[in-house]
Amino acid sequence: MSHPDPDERRRQFESIALPLMQALYNTSLRLTTDADEAADIVQETFLRAYRTFDNFRPGTNARAWLFTILYSVFANRYREAKRRPRMEAVEQLEAPANPESDITLVAAWGSRWNPEVERALRRLPEDFRTPLLLIDVEGLSYEEAASVLGCAVGTIGSRLFRGRKLLYAMLQEYAHQAGYGKDTAPDS
Amino acid sequence: MTDSAGHLGVTLQDFLDERLDAARQVEVREHLEGCAQCRSELAALRWVRDVALKQLPVEDVPPALAARVAAALNAADKQPVRRRWGRRAVAGALLAAAAVVLLLLVSPSGIGDTLPEAVARDFTAYRDGTLPLTLHTSDGAAVERLFAAGGAPFAMRVFDLGMMQYQLVGGRVHRLRSRPSALFVYRGPDGRDLVCQMYEGRLADLPRSDDMREHNGINFQVYRAGTVTLVFWQEGAVVCVLASDADAEAVIQLAYAKAVKV
């Protein structure tokens, strides 16, 4: 995409990218679980995208393009700093969460809703959480999510499956209270 | 299709997400009729996808982040672009230069819109959804902070038009014909948009207007571009302009109400 006029280039970039800032910020927030870190990653994402905007082909998927950059920034930061978000063993995920962490979570996210789902999502290992965020929350296709994360479509499918099952296992009681799945409990 | 225990496993997800062909869907439906565990697992997967994850709150972008992004893009614009010039690029540049010379010859007034034309174009772009706002908020102070953090080189103020039934929608760190501009938008009665811009400049630099008004000692220059009315006035070193496709006199009255003699 060639832009001889800098103002027009900026305008075209903003018309494509700015409407996605909220989705990028929310995903960044759920990847990092830290508002400052999430904002830094979004800013870096926009800057990188702007610098490489001439390589963006009009008509291709801007959402997938920006999420690819976002995930790359996120992965590089945590890789460099060796401070990836804490992982819990999959087997531990069905244990009750620490109430103190709930308080922190509710304070961070506001108190507009029941934090059960957010808390469970936060405890999911990143490998399972990210496909859920991209596909179930942001509406990317399997193929787009595979492109964002740089892995095979089959891998995305199996991680998504595992993530959904783990999330359900963590939320089973909440789901039952909400009237879902009272009769049977699927094998997780 | 089934695992070693005779259940569908990940095939259930492919079924749920409509990634199976028609024949396989039939097979899955037949299996589900006789397998309570797979039915239950399918219901759980569907609940996670369609209920649980749809409950997640959507956080607003912090105004400070929107301003930081705008400032970062501004800084990137100021950096020289390093290019490796190949023969083809040089030839392209020469052709482009020739085209510019040709345009100047056929267009003595120069290239590009006049300021009123540029403001009208911005209004239309906003109305058509191709000019996004940096920040969506009804908080005037937040929009003023956005412009301050975005490096606006002049003092500006966001109008309170609530008495006239215009609600602030948000703002954008903008450029109007390459000059920094504070752009903010209102939604008025009948869903009419009102786009305001402020930039450093002089009213005298605008092209001649056939409609010059004076109110409370302030001069207003009014332009019309199709259905869009533009009203310019000067406040110190800053030019203010309102643009809207609402009734022309109503737009002029809004300008009268908000203009301040400096």
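Residues numbered from 1 in each chain as written. Chains lettered and ligands numbered in written order. Predicted model: local features only at pLDDT ≥ 70, side-chain atom pairs only at ≥ 80, totals over all residues.

S.K.: I keep staring at the overall build of chain B and nothing clicks. Help me out?
M.R.: On a plain count of helices and strands, chain B comes out with 8 helices and 8 strands. Sequence separation of 24 or more characterises 56% of the internal contacts of chain B that already satisfy a separation of 6 or more. (Helix = DSSP H or I, 4+ residues; strand = E, 2+ residues; numbered from the N terminus. Contact = placed C-beta atoms within 7 Å.)

S.K.: Just checking my understanding: could you explain the overall build of chain A for this structure?
M.R.: A count of helical and extended segments in chain A gives 9 helices and 0 strands. Beginning at the N terminus, the succession of helices and strands in chain A can be written as α-α-α-α-α-α-α-α-α. Scored against the burial criterion, the 188 residues of chain A give a buried share of 38%. Contacts in chain A between residues far apart in sequence, at least 24 positions, make up 62% of those at least 6 positions apart. (Buried ≥ 20, exposed ≤ 12 C-beta atoms within 10 Å, placed from the backbone.)

S.K.: Can you walk me through the interface of chain A and chain B in this structure?
M.R.: Reports of interface size often rely on the accessible area that becomes lost once the parts have come together. Contacts between the two partners involve 43 residues from chain A and, on the opposite side, 36 residues from chain B. Looking at the side of chain A that touches chain B, the elements with two or more residues in it are α1 (6–17), α2 (21–32), α3 (35–51), α6 (116–123), α7 (126–137) and α9 (153–177) of chain A. By residue number, the principal contributor to the side of chain A that touches chain B is α9(A), which donates 9 residues. Residues belonging to the side of chain A that touches chain B are distributed by class as follows: 25 nonpolar, 9 polar and 9 charged. (Nonpolar A, V, L, I, M, F, W, Y, C, P; charged D, E, K, R; others polar.)

S.K.: Teacher, can you tell me more about the pairing of strand β4 (residues 193–200) of chain B here?
M.R.: A regular strand places its side chains so that they alternate between the two faces of the sheet. Residue and element names in this part refer to chain B. Of all 8 residues that make up β4, 6 are buried, and the element is covered over most of its length. Relative to β4, strand β3 (residues 179–187) runs antiparallel, the two sharing 7 bridges. When the sheet's bridge partners are listed, Y186 is paired in β4 with L194. Where β3 hands over to β4, the hairpin turn is made up of 5 residues, of which D190 adopts a positive phi near 65°. Note: β4 against strand β8 (residues 238–244), 7 bridges, orientation antiparallel. In the strand pairing of β8, M198 is matched with C240. (Pairing = 2+ DSSP bridges.)

S.K.: What's the story with the confidence of the model for chain B in this structure? I'm lost.
M.R.: Any segment with low pLDDT has predicted coordinates that should not be analysed in fine detail. Residue and element names in this part refer to chain B. Across chain B, pLDDT averages 84, with 87% of residues at or above 70. Considering only residues more than four positions removed or in separate chains, one finds that residues 82–86, a stretch of pLDDT under 50, has 2 contacts. As a predicted assembly, this complex carries a pTM of 0.67 together with an ipTM value of 0.78. (pLDDT = per-residue confidence, 0-100.)

S.K.: Looking at this structure, I do not really get the packing of α7(A) against helix α8 (residues 142–149) of chain A. What am I missing?
M.R.: Residues and elements named next belong to chain A. One can describe the packing of α7 onto α8 by two numbers: an axis separation of 9 Å at closest approach and a directional angle of 135°. For the element pair α7 / α8, the angle class is oblique. For α7 against α8, the interelement crossing comes out right-handed. Within the contact between the two elements, α7 uses T130, P131, L134 and I135 and α8 uses Y142, A145, V148 and L149. (Axes fitted to C-alpha atoms, helices over the stretch in contact; angles between N-to-C directions. Parallel < 35°, antiparallel > 145°, perpendicular 65-115°, else oblique. Left-handed = near helix turned anticlockwise from the far one by under 90°.)

S.K.: Looking at this structure, I do not really get the sheet that holds strand β7 (residues 228–235) of chain B. What am I missing?
M.R.: Strand pairs in the sheet, formed through backbone hydrogen bonds, run parallel or antiparallel to each other. Residue and element names in this part refer to chain B. One open sheet accounts for 8 strands, arranged β1-β2-β3-β4-β8-β7-β6-β5; its pairing is antiparallel. Bordering the open sheet on either side are β1 (135–136) and β5 (211–215), each of which pairs with just one other strand. For strand β6 (residues 218–225) and β7, the ladder comprises 6 bridges, and the chain directions are antiparallel. Bridging across to β7, R224 finds its partner in T229.

S.K.: Help me out: how do you make sense of the pairing of strand β2 (residues 167–176) of chain B in this one?
M.R.: Residues and elements named next belong to chain B. With 7 of its 10 residues buried, β2 lies for the most part within the structure. Where β1 meets β2, 2 bridges bridge the pair, whose relative direction is antiparallel. Residue pairing in the sheet places H136 in a bridge with G170 of β2. In terms of strand pairing, β2 meets β3 through 9 bridges, oriented antiparallel. Note that in β3 the partner of R175 across the bridge is P180.

S.K.: Would you mind showing me how to read the confidence of the model for chain A here?
M.R.: For chain A, the average pLDDT comes to 80, and 74% of its residues sit at 70 or higher. A low-confidence stretch, residues 96–113 of chain A stays under pLDDT 50, and its non-local contacts, those more than four residues away or across chains, total 19 contacts.

S.K.: Where do I start with unusual backbone geometry in this structure?
M.R.: A negative phi angle is the norm for most residues apart from glycine, just as the trans form is the norm for most peptide bonds. Residue and element names in this part refer to chain B. Residue S178 is not a glycine yet carries a positive backbone phi of 75°. When you line up the elements, S178 lands in the loop between β2 and β3. Notably, D190 is not glycine yet its phi reads approximately 65°, a positive angle. Examined against the element boundaries, D190 turns out to sit in the loop between β3 and β4. Overall, D190 belongs to the exposed group, with 8 C-beta atoms counted inside 10 Å.

S.K.: Could you clarify how one ought to interpret the nonpolar core in this entry?
M.R.: Grouped burial of nonpolar side chains is what soluble globular proteins tend to show. In terms of nonpolar packing, the biggest core is built from 113 residues, with A:L167, B:L230, B:V231 and B:V241 touching the most fellow members. At 9 residues, the largest contribution of residues to this core is made by α9(A). Every residue in contact with B:V241, bar those within four places of it in the chain, is listed here: B:V119, B:C196, B:Q197, B:L230, B:V231 and B:F232. (Core = buried A, V, L, I, M, F, W, Y, C linked by C-beta atoms within 7 Å.)

S.K.: What is the right way to read the packing of α3(A) against helix α4 (residues 63–78) of chain B from this model?
M.R.: For any two helices packed against each other, the geometry comes down to the angle between their axes and how far apart the axes lie. Between α3(A) and α4(B), the least distance of the axes is 9 Å, while the angle of their chain directions is 30°. When the axes of α3(A) and α4(B) are compared, the pair comes out roughly parallel. As α3(A) runs across α4(B), the sense of the crossing is right-handed. From α3(A), A:A39, A:V42, A:Q43, A:F46, A:L47, A:Y50 and A:R51 reach across to α4(B), where they touch B:L65, B:R68, B:V69, B:A72, B:L73 and B:A76. Broken down by class, the residue content of the contact of α3(A) with α4(B) amounts to 10 nonpolar, 1 polar and 2 charged.

S.K.: What is the right way to look at the environment of A:L171 in this model?
M.R.: You can see A:L171 is positioned in helix α9. C-alpha of A:L171 to C-alpha of A:E116: the two residues are 55 residues apart in sequence and 7.3 Å apart in space. Residues contacting A:L171, with those up to four places away along its chain left out, are A:E116, A:V117, A:A120 and B:A52.

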